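Structure at a glance
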Amino acid sequence: MKKLTLVRSIAIACSFTAMTANADFPTVVIDTDDTITLDYDQAIDMTGAINVPTLEITDPADVSVNQFNHDSPVSAVGGVSNNISAGGSGITDLHVDVTAVGNNASIELGTDGLVVGAVQGNQNGGASAVGSITGNNINLGTVQNKEGKWVDAEVELNVTAVGNNLTIDGVGENGITGTQLGSVQFNYESPVTATGSINNNGFNVSSLRPRDPKLTVTAVGNNLSAPLGSTGSMLQINRASPISARGFVSGNRGNIGPVNVSVSAVGNNISIKAPSVD
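In short, a report on the structure. (Residues numbered from 1 in each chain as written. Predicted model: local features only at pLDDT ≥ 70, side-chain atom pairs only at ≥ 80, totals over all residues. Heavy atoms only, no water.)

Glancing now at the packing of aromatic side chains. Scanning the model with the defined rule gives one aromatic pair in all. Relative to Phe 186, the ring of Phe 68 has its centre 6.2 Å away and its plane inclined at 45°; by these criteria the two rings are tilted. One end of the pair, Phe 68, is in strand β6 (residues 63-70); the other, Phe 186, is in strand β15 (residues 180-188), with 118 residues separating them in the sequence. According to the relative accessible area criterion, Phe 186 is buried, its value standing at 1%. (Phe/Tyr/Trp six-rings, centres within 6.5 Å; stacked < 30°, edge-to-face > 60°. Helix = DSSP H or I, 4+ residues; strand = E, 2+ residues; numbered from the N terminus. Buried < 20%, exposed > 50% of the residue type's maximum accessible area, 1.4 Å probe, protein only.)

Right, here's the structure in full:
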């Protein structure tokens, strides 16, 4: 059965002494039946860039990323619970952010025409984020925003779990034209799970000014963002890696405004767009 090697080589910018190296990093293979195989204990050529079936990048990578978690789950847990003021005033402002990311790379290119090679992978691990706001006495007040204006405070919970994230951008208007990109992102037996809950709180706010608790829960297997003008091939794989997001707002008491709940689960996402110009 004919097989195509999706990752033939990885450029390691910091090491040029050894031509090859044995590493616990998988070679990714896809056959004609679309069966994906991850083979370990392979010799990795450290001198070239990434090659994928739809594009042969023969030049060594100018920028190389090699991120891999093996048997290494990534988890983040955050919560605010059972806080009750003795005077009955309660919590006046509440923002909670919980984020778990398996692999993250942010690259700013300052020169046109560069070659970028990137491999990000999770095997037998995954990413999980859990956030909760539970059992609190909440009496929201007012706070100053970034512009210095006084605005109504809010209860806000953001929970994010990402397997692999790669962001490529140019510095200003530079570093965009002629960029070549070879990218592989994969999760193998590595679930990505995000769970958020706002439960059993007492909202002791004025009935004339109810507040809307905001809950955003996001789970993403693989995400890539690159500027328009990039050429190359981008591969994203999830194998035996469920992506799930759950959000709950329940059992709260008091004057609660319209509840804003956003729950998203995305297996693979690629965004290529022109940079914004002020």
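Next comes the rest of the description.
Our focus in this paragraph is the sheet that holds β6. With parallel pairing, the four strands of this open sheet are ordered in space as β6-β9-β15-β19. In the strand order of this sheet, the two ends are held by β6 and β19 (231-239), each with one partner. Here the strands of the sheet are splayed against their neighbours by 0° on average, with no regard to which way each runs. The pairing of β15 with β19 spans nine bridges and is parallel. Note on β19: the bridge partner recorded for Tyr 188 is Arg 239. (Pairing = 2+ DSSP bridges. Axes fitted to C-alpha atoms, helices over the stretch in contact; angles between N-to-C directions.)

You can see Thr 111 is positioned in the loop between β8 (94-109) and β9 (115-123). On the basis of relative accessible area, Thr 111 is assigned to the partly exposed category, the value being 46%.

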